[in-house]
2 protein chains.
Amino acid sequence: MVTPSHLEDLIAALRCLPGVGPKSAQRMAYHLLQRDRAGALHLAKSLEQAVSNILHCSKCNNFSEHEICDLCASPKRDAGLLCVVEMPADLLMMEQTQCYRGMYFVLMGRLSPLDGIGAKELHLDRLVRRVQEQPHEGRLAEVILATNFTVEGDATAHYLATLLQAQGVRVSRIARGLPVGGELEQVDSGTLAQAVLERREVMG
Amino acid sequence: MVTPSHLEDLIAALRCLPGVGPKSAQRMAYHLLQRDRAGALHLAKSLEQAVSNILHCSKCNNFSEHEICDLCASPKRDAGLLCVVEMPADLLMMEQTQCYRGMYFVLMGRLSPLDGIGAKELHLDRLVRRVQEQPHEGRLAEVILATNFTVEGDATAHYLATLLQAQGVRVSRIARGLPVGGELEQVDSGTLAQAVLERREVMG
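**With respect to the overall build of chain A**
Argument step 1. Within chain A, the secondary structure is distributed over eight helices and six strands.
Argument step 2. In chain A, the order of α-helices and β-strands from amino to carboxyl end is α-α-α-β-β-α-β-α-β-α-β-α-β-α.
Argument step 3. Relative to a compact globule of 204 residues, whose C-alpha radius of gyration would be 17 Å, chain A shows 22 Å and is clearly more extended.
Argument step 4. The buried share of chain A, reckoned over its 204 residues, is 44%.
Argument step 5. Contacts in chain A between residues far apart in sequence, at least 24 positions, make up 47% of those at least 6 positions apart.
Argument step 6. With an accessible surface of roughly 11400 Å², chain A has 54% of that area assigned to carbon and sulfur atoms.
Argument step 7. The centroid of the 21 positive side-chain charges in chain A is displaced by 2 Å from the centroid of its 24 negative side-chain charges.

Structural data, given as structure tokens:
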């Protein structure tokens with residue numbers, strides 16, 4: 001009786017957002033109704049537009065408004081390189097480096113058996129198909145695994161390496177080591193140990 | 001080029017939610033598009049419905065779907081008592097105690113000069129009018145100030161006490177002290193000091 005039903009509905013609906021519990025949802029609903037009704041309506045419209053217009057690119061699996069996304073359709077990209085990343089945000093980071101001009105495949109997640117996300121849930125068959133279909137467009141020189149260096153990202157990279165090498169394609173993993181500008185004194189021992197383990201010979 | 005424009009719109013729109021920065025907004029957008037499109041559409045609808053149906057009760061200022069909310073319209077409540085709270089959530093907490101059967105006034109905030117929220121922004125004239133209009137319905141025996149015991153809530157209570165006493169109405173503040181089941185050893189010294197200062201005589 002005390003809380004209007006449309007307000008209760010809104011509070012419940014806000015909980016579909018990740019990381020939003022009952023208290024945050026309540027605070028968000030109060031804020032929108034009290035201070036930002038225009039923002040709430042704009043958000044409603046944006047949600048509808050995004051849901052009806054955004055699909056996954058059939059080549060790279062990234063979010064796209066077209067069957068093939070702009071990046072995959074671009075003739076300027078090197079079709080011989082394929083970089084596998086976990087999320088669209090990772091792809092954006094790679095693009096910001098401006099050092100990579102190949103293609104991408106976005107997993108939209110990582111293998112995480114504890115959360116029930118296995119090879120099937122990640123639709124890794126799409127990645128295999130993507131690699132198999134490559135020959136029609138030119139040889140795939142290399143697949144670069146750029147998943148995160150977390151336990152799950154590493155496990156995913158391991159799994160993908162086995163899967164893709166079975167397809168006869170060369171697979172590499174981005175380097176682990178000290179960050180640019182990094183000092184030995186500041187870095188954690190795990191990273192330093194990896195940097196020693198994966199040291200590169202200095203050419204004379 | 002890399003992020004579809006509808007996705008960018010959605011990420012921007014999500015930032016109208018309090019406590020949501022660019023990274024959270026991105027994570028929310030990815031989650032909704034990838035795993036919960038039905039939830040996103042439901043949220044859009046709930047936002048629209050709430051914005052178009054929820055207004056403020058003209059008596060207590062709480063969110064309501066009607067001109068006068070159910071609580072204010074109820075004949076079972078004691079019209080001689082008025083409890084002032086900061087937010088609708090505080091009203092719910094008061095109701096849960098089941099010890100108060102009077103009316104409410106919801107400030108929808110607190111005085112907070114640093115955030116630019118003064119007496120005008122809180123529309124305290126509505127509260128004064130609410131108190132002045134009371135005589136037509138029966139004498140107002142007491143206004144109970146139940147704002148939070150934060151710096152801002154306390155300042156608000158102080159301001160309201162002066163404002164309402166000028167209207168010739170009796171004003172009280174809910175008690176400060178040790179919580180039920182509280183131990184002296186566990187409680188913070190500020191609370192203990194207040195509990196000593198505001199001690200009550202034990203009737204023999």
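**Digging into the pattern of salt bridges**
Argument step 1. Taken as a whole, this structure holds 14 salt bridges over all chains when the rule is applied.
Argument step 2. A salt bridge links Arg176 of chain A to Asp154 of chain A; its shortest N-O distance comes to 3.3 Å. Note that Arg176 of chain A is positioned in the loop between β6 (171–173) and α8 (189–197) and Asp154 of chain A in helix α7 (residues 151–165), a separation of 22 residues in sequence.
Argument step 3. Of the charged contacts, one joins Arg170 of chain B and Glu142 of chain B as a salt bridge, the two residues approaching to 4.0 Å between their closest N and O atoms. Of the two residues, Arg170 of chain B sits in the loop between α7 (151–165) and β6 (171–173) while Glu142 of chain B sits in strand β5 (residues 142–145), which places them 28 residues apart along the sequence.
Argument step 4. Beyond isolated ion pairs, a larger network of salt bridges with shared partners links Asp154, Arg173, Arg176 and Glu198 of chain A.

**Describing the interface of chain B and chain A**
Argument step 1. Facing the 56 residues of chain B at the interface are 56 residues of chain A.
Argument step 2. Summed over both partners, the interface of chain B with chain A comes to about 5300 Å²; 71% of that surface belongs to carbon and sulfur atoms.
Argument step 3. When residues of chain B are sorted by the area they lose upon contact with chain A, His6, Leu47 and Phe63 of chain B head the list and together hold 12% of the total.
Argument step 4. Summed over the shared surface of chain B and chain A, the result is 16 residue pairs in polar contact (both at pLDDT 80 or more).
Argument step 5. Of all the elements in the fold, those that place two or more residues in the side of chain B that touches chain A are α1 (5–14), α2 (22–35), α3 (37–53), β2 (63–64), α4 (70–73) and α5 (88–97) of chain B.
Argument step 6. Examining the composition of the side of chain B that touches chain A, we find that 14 residues originate from one element, α3 of chain B, more than from any other.

**Details of the sheet that holds strand β3 (residues 78–85) of chain B**
All names here are of chain B.
Argument step 1. Strand order across the open sheet formed by four strands is β4-β3-β5-β6, with parallel pairing between neighbours. In this open sheet, the two edge strands, each paired with only one partner strand, are β4 (102–106) and β6. Sheet twist, expressed as the mean angle between neighbouring strand axes with direction ignored, is 25°.
Argument step 2. Judged from the five bridges that link them, β3 and β4 form a sheet pairing that is parallel. Bridging from a neighbouring strand, Val85 pairs with Val106 of β4.
Argument step 3. Seen against the sheet, α5 touches β3 and β4 and runs at an angle of roughly 160° to β4.

**Section: the side chain of Ser112 of chain B**
All names here are of chain B.
Argument step 1. Mapped onto the elements, Ser112 comes out in the loop between β4 and α6 (124–133).
Argument step 2. Here Asp115 takes part through its side chain, which lies 2.8 Å from a polar atom of the side chain of Ser112.
Argument step 3. Apart from the residues lying within four places of it in its own chain, the contact partners of Ser112 are Ile117 and Glu152.

**A closer look at the confidence of the model for chain A**
Residue and element names in this part refer to chain A.
Argument step 1. Within chain A, residue pLDDT values average 89, and 97% of them lie at 70 or more.
Argument step 2. Ranking the helices and strands of chain A by mean pLDDT puts helix α3 (residues 37–53) first, with 95, and α8 last, with 83.
Argument step 3. Among the scores for the predicted complex, ipTM is 0.77 and pTM is 0.77.

**Describing unusual backbone geometry**
Argument step 1. Phi at Met108 of chain A is positive, roughly 60°, even though this residue is not glycine.
Argument step 2. Positionally, Met108 of chain A belongs in the loop between β4 (102–106) and α6 (124–132).

**Some details on the packing of helix α1 (residues 5–14) of chain A against α3 of chain B**
Argument step 1. Axis separation between α1 of chain A and α3 of chain B bottoms out at 9 Å; the angle between their running directions is 150°. As far as their axial angle goes, α3 of chain B and α1 of chain A are roughly antiparallel. Between α1 of chain A and α3 of chain B the crossing geometry is left-handed. On the side of α1 of chain A, the interface is formed by His6, Asp9, Leu10, Ala13 and Leu14 of chain A, while α3 of chain B contributes His42, Leu43, Ser46, Leu47, Gln49, Ala50 and Asn53 of chain B.
Argument step 2. Of the residues that constitute the contact of α1 of chain A with α3 of chain B, the class distribution is six nonpolar, five polar and one charged.

**Quick notes on the layout of surface pockets**
The probe, sized like a water molecule, is rolled over the atoms to show the empty space still left.
Residue and element names in this part refer to chain A.
Argument step 1. By volume, the largest pocket amounts to about 520 Å³.
Argument step 2. Looking at the largest pocket, it is lined by 22 residues, and the ones nearest its centre are Phe149, Ile174, Ala175, Arg176 and Glu198.
Argument step 3. Put simply, the parts of the chain that give the lining of the largest pocket at least two residues each are α7, β6 and α8.
Argument step 4. Broken down by element, the residue count for the lining of the largest pocket peaks at five residues, all from α7.
Argument step 5. Taken together, the residues of the lining of the largest pocket break down into ten nonpolar, seven polar and five charged.

What counts and how
- Residues numbered from 1 in each chain as written.
- Chains lettered and ligands numbered in written order.
- Predicted model: local features only at pLDDT ≥ 70, side-chain atom pairs only at ≥ 80, totals over all residues.
- Heavy atoms only, no water.
- Helix = DSSP H or I, 4+ residues; strand = E, 2+ residues; numbered from the N terminus.
- Rg over C-alpha atoms; globule rule 2.2 N^0.38 Å.
- Buried < 20%, exposed > 50% of the residue type's maximum accessible area, 1.4 Å probe, protein only.
- Contact = heavy atoms within 4.5 Å.
- Areas by Shrake-Rupley, 256 points an atom, 1.4 Å probe, with all protein chains shown as cover.
- Lys, Arg positive; Asp, Glu negative; His and termini not counted.
- Charge placed at Lys NZ, Arg CZ, Asp CG, Glu CD.
- Salt bridge = Lys/Arg side-chain N within 4 Å of Asp/Glu carboxyl O.
- Buried area = accessible area lost by both parts, 1.4 Å probe.
- Polar contact = N/O pair within 3.5 Å; in protein donor to acceptor, adjacent residues only side chain to side chain.
- Pairing = 2+ DSSP bridges.
- Axes fitted to C-alpha atoms, helices over the stretch in contact; angles between N-to-C directions.
- pLDDT = per-residue confidence, 0-100.
- Parallel < 35°, antiparallel > 145°, perpendicular 65-115°, else oblique.
- Left-handed = near helix turned anticlockwise from the far one by under 90°.
- Nonpolar A, V, L, I, M, F, W, Y, C, P; charged D, E, K, R; others polar.
- 1 Å grid on protein atoms, 1.4 Å probe; cavity = no way out; pocket = protein on both sides within 12 Å on 5 of 7 lines; lining within 4 Å.
- Points joined across faces, edges and corners; volume = space filled by probe spheres on them.

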